Amino acid sequence: MLEAFFMAADILNQLAEAVVDGDDDLAEELAYKALEEGVDPYDAIVNGLARGMAIVSDQYEKGEAFVPHLLLASGAMYAGMDILSPEMIKEGEAMQAVGVIGTIEGDVHDIGKNLVKTMLSAGGFEMIDLGADVPIEKFVETAKERKADIISMSALMTTTMTNMEKVIEILQEEGIRDSMKVMIGGAPVSEEYASGIGADSTHPDAMHASAWASEAVKELEPKAARWSEEKINLGKIKYREILAKKTVSDKVDVGLETANKIKEEFESIGVKSKEEMTHIDRTISAMSDKKVDHLPVYPLACGVLRKFVPVTYKEYATNEDAFVQSAYLGSKYLDLDMFVGLIDLSATSADFGCKIKYPEDDTPSSEGHIKDYEKIEVPELKEGTRGYELVMASKKAKEKLNKELNTPFVGFHEGPLLTLTQLMGADRVLMDMKTQPDVVLEAVQKCTDYVCQLSELFFNEDACDALCIDNLWSNNVIMSEQDYWKFDGKFVYDQQIPIFKQYNQPYIIHNCADAVHFETQIRKFGTALYSYAYYEKSRDKGSQNYADLIPKYGDMCCMMGEVNPVEFMDGSAAGVQKVKDDTKNLLENVLPVLKENGLQSKYILSSGCEIPPGGPLTTVQAMVNVVKELGPELQKNIMG
Ligand code: B12
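Residues numbered from 1 in each chain as written. Predicted model: local features only at pLDDT ≥ 70, side-chain atom pairs only at ≥ 80, totals over all residues. Heavy atoms only, no water.

Asker: Got a sec to walk through the overall build of the protein chain? Specific residues and values, please.
Answerer: Of the regular secondary structure elements, the protein chain holds 25 helices and 14 strands. Since a compact globule built from 640 residues should have a radius of gyration of about 26 Å, the 26 Å found for the protein chain is in line with a globular shape. Projected onto its principal axes, the C-alpha positions of the protein chain cover 85 × 60 × 50 Å. Buried residues in the protein chain amount to 56% of all 640 residues. Of all intrachain contacts in the protein chain linking residues separated by at least 6 positions in sequence, the fraction that spans at least 24 positions is 77%. Accessible surface for the protein chain amounts to roughly 26,600 Å². Of this, 51% is attributable to carbon and sulfur atoms. Taken together, the 64 basic and 106 acidic charged side chains of the protein chain have centroids lying 5 Å from each other. (Helix = DSSP H or I, 4+ residues; strand = E, 2+ residues; numbered from the N terminus. Rg over C-alpha atoms; globule rule 2.2 N^0.38 Å. Buried < 20%, exposed > 50% of the residue type's maximum accessible area, 1.4 Å probe, protein only. Contact = heavy atoms within 4.5 Å. Areas by Shrake-Rupley, 256 points an atom, 1.4 Å probe, with all protein chains shown as cover. Lys, Arg positive; Asp, Glu negative; His and termini not counted. Charge placed at Lys NZ, Arg CZ, Asp CG, Glu CD.)

Asker: Can you explain the coordination of the cobalt atom of the ligand? Please cite residues and give values.
Answerer: There is one protein donor for the cobalt atom of the ligand, namely H109 (NE2), at 2.3 Å. Mapped onto the elements of the fold, H109 is located in the loop between β1 (98-103) and α5 (111-122). (Donors = N, O, S within 2.8 Å, 3.2 Å for Na, K, Ca; no water.)

Asker: An account of a negative patch on the surface is needed here, citing residue identities and associated values.
Answerer: The grouping of D24, D25, E28, E29 and D82 at the surface amounts to a negative patch. For the negative patch, the element with the highest residue contribution is helix α2 (residues 24-36), accounting for 4 residues. (Patch = residues over 30% accessible without salt bridge, like charges linked within 9 Å, V, L, I, M, F, W, Y side chains within 5 Å. Salt bridge = Lys/Arg side-chain N within 4 Å of Asp/Glu carboxyl O.)

Asker: Provide a residue-level description of the environment of L70, including the pertinent values.
Answerer: Here L70 is to be found in helix α4 (residues 67-90). With 16 residues separating them in the primary sequence, L70 and A54 have C-alpha atoms 10.0 Å apart. The residues touching L70, leaving out its near neighbours within four places in the chain, are M53, V56, S57, Y60 and L115.

Asker: Give a description of the packing of aromatic side chains that names residues and reports values.
Answerer: As enumerated under the stated definition, the model contains 15 aromatic pairs in all. Judged by centre distance (5.0 Å) and plane angle (90 degrees), the ring pair of F459 and F500 falls under edge-to-face. Separated by 41 residues along the polypeptide, F459 in helix α20 (residues 437-460) and F500 in helix α21 (residues 481-502) bring together distant segments of the chain. Across this residue pair, the class does not change: F459 and F500 are buried. On the numbers, 6.1 Å between centres and 85 degrees between planes, the contact of Y507 with F525 is edge-to-face. Pair noted here: Y507 is in strand β11 (residues 507-511) and F525 is in the loop between α22 (518-524) and β12 (529-532), with a separation of 18 residues, a long-range link. (Phe/Tyr/Trp six-rings, centres within 6.5 Å; stacked < 30°, edge-to-face > 60°.)

Asker: Account for the pattern of salt bridges, naming residues and giving values.
Answerer: A full pass over the atoms with the stated rule returns 31 salt bridges. E519 is the partner of R523 in a salt bridge, and the nearest nitrogen-oxygen pair spans 3.3 Å. With R523 and E519 both in helix α22, this residue pair falls 4 residues apart, about one helical turn. For E519, a relative accessible area of 39% translates into the label partly exposed.

Asker: Outline the nonpolar core, listing residues and values.
Answerer: In terms of nonpolar packing, the biggest core is built from 176 residues, with L420 and Y603 touching the most fellow members. Broken down by element, this core gets its largest block of residues, 11 residues, from α4. With residues up to four places along the chain from it excluded, the contact list for L420 reads I376, G425, V429, V440, A443, V444 and C447. (Core = buried A, V, L, I, M, F, W, Y, C linked by side-chain atoms within 4.5 Å.)

Asker: For the sheet that holds strand β14 (residues 603-606), give the residues involved together with the corresponding values.
Answerer: Taken in spatial order, the 7 strands line up as β6-β9-β10-β11-β12-β13-β14 in an open sheet, and their pairing is parallel. Edge positions in the sheet fall to β6 (339-340) and β14, since each has one partner strand and no second. As paired elements, strand β13 (residues 558-562) and β14 share 4 bridges and run parallel to each other. Paired with G561 across the strands is L605, a residue of β14. (Pairing = 2+ DSSP bridges.)

Asker: Tell me about the site of the ligand, residues and numbers included.
Answerer: If you check the shell around the ligand, you find 45 residues, and the closest are H109, S154, T158, Y535 and E610. Note that an oxygen atom of the ligand is positioned 2.9 Å from one of the backbone N or O atoms of V108. One of the backbone nitrogen or oxygen atoms of D110 is found 2.8 Å away from an oxygen atom of the ligand. Broken down by secondary-structure element, the contributors of at least two residues to the shell around the ligand are α5, β3 (150-154), β4 (181-185), α9 (206-216) and α18 (416-424). A per-element tally of the shell around the ligand places α5 first, with 4 residues. (Near = heavy atom within 4 Å. Polar contact = N/O pair within 3.5 Å; in protein donor to acceptor, adjacent residues only side chain to side chain.)

Asker: Provide a residue-level description of the side chain of S480, including the pertinent values.
Answerer: Checked against the element boundaries, S480 lands in the loop between β10 (466-470) and α21. In contact with S480, not counting residues within four places along its chain, are F66 and H517.

Asker: For the pairing of β3, give the residues involved together with the corresponding values.
Answerer: In terms of burial, β3 is largely enclosed, as 5 of its 5 residues are buried. On β3, burial covers both faces: I150, S152 and S154 on one face and I151 and M153 on the other are all buried. For β3 and β4, the ladder comprises 5 bridges, and the chain directions are parallel. From the neighbouring strand, M153 faces β4, where its bridge partner is I184. Running through helix α7 (residues 158-173), the crossover from β3 to the neighbouring parallel element β4 is right-handed. (Right-handed = clockwise from strand over helix to strand, strands pointing away.)

See below:
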């Protein structure tokens, strides 16, 4: 008897360890062994597999494990669960609650969603995973079909997070809102937002989400009662009034409306102030810390500028004239100190064979990933490829911006690992880094070959005044510094940076991740301009702002950030004011920090990440105008 008890305890520990080690085969083997030895399958899941997952999750929260580790552990947990769950159902163990999970329509981010799914599965839920970019109706249909106990929606982007409200509205209309719990989450979601749209809750991470969900479903009435016709009819009546109050406003194209307003203003008044320096002189001077009339300002307005033409996003991204006109008119009407030619993050992966989806009000995303690493072949960079067309469109834009506006044009393309994750899917690559590192390294090498050719073509064609590379994956929250170096950094350092040196070009990085491995990406790379985002809530994980970064890197690198890009979506009077206030604050605070560090102009006021393409342009204008209005006097007063 005692022996059986110890044997069971031993198997449970081994199951937990197999999950911690991310060993699928062992988890499977131990699951069979547990059944053979008569271990209760429910016990094996909860106290074996799920406990292992909780251990890894805890390590992740403490910064001791990273996303690839979590994903592998999750794979091992599912491998064991596939064997144990059917036995548990056979034995009639506790009825499993059913959860429907997905990332909302328009949003392809799925790493966080997958972690939430794993933790809910570990918490005993049967999870139906609808994937990413899930159509609104699909959540409702599936919840109805499966008489779900909970819906879990993720949103990583402010531009599409409003689609979650639409799901809840349909649940209300159909009278089934109270038949289940609704939980939402993702970086931009706050508690106020969740309760405002009628969700039951939100949580900052997967562990808390699962803990809450397990308790919340216990509050639900028995399934038959809450899914009965009577209950549904009552639900329809209950929400009729609430829904009627929501004003049904026709969708206004805020981008177009504000672009027209700015154009009209410009035509009648012209550019407001007479500037002492040209945009090119100001930007170049700031990069080398020379005297300026005011610090340069460029909220990362890229695709959103298409509204001045106007053209669709697909045209902006694929048609040379549409791109050139957007860059030109946007830079002219908004009086920008530079323009960065970011079209989307899939130009290089598209050339490797990845399919691209072009929504109108959102940035394009890659879909239809390649399955086999063996199928990856370095494309020829020639006419007809997106890379080549990007260089040619950039060249025209550069000539026009330089000649007619004295505005510098910064070319933009993806780095090696970003190309690979776009091509194969991020989760997949992150896991393969641990299970088949050599295969991944070979694939990164192929991406590096193409990315290097593209940088070279930019320089050979004189298609930009400087070139910016999106090296996104240097993220503390996702990957350790060693892994970042091994799978991206080393390739950039050994192969791409020498090309920049050969052409005597500064290396420029854009990275909007939460908490970046700055030492590698700035000091080791010798980066001259770094565009970064700052997340207050990720401060403990390593997110840093100008006050941290200028003292550390100001001598070697010009930093460029950090008014939150999300703010630019709110074109109301209050929203515009918020952008103005935050810009003013940043300007007033950056200058003394520069001075304290013996610098006078080495900072560019920006937005840390691209301005969402479906937003208004008045907020972009507000940021530029504040710097133009207050900058010269502050510059004189503080710098002398
Ligand atoms: C990795 C990444 C990508 C990868 C995604 C790969 C993938 N398969 O997921 C790629 C390169 C594809 C990508 C693309 C884009 N991205 Co991106 N990306 C990121 C980045 C750096 C990290 C996201 C991440 O995986 N974090 C790690 C995971 C573990 O965290 P998480 O997702 O937040 O999940 C945790 C919690 O939020 C919570 N949680 C998650 N879901 C749920 C659900 C519930 C119910 C609950 C309770 C909790 C919960 O638990 C999770 C685990 O603990 C973020 C920066 C950031 N701060 O988020 C930008 C970011 C999300 N991206 C952004 C942008 C703009 C884009 C692009 C538009 C870029 C472009 N110009 O093309 C495209 C999107 C295209 C599209 N239509 O979707 C912006 C969004 C800004 C905005 N408008 O709101 C961000 C915030 C960067 C920024 N500073 O602006 N991106």
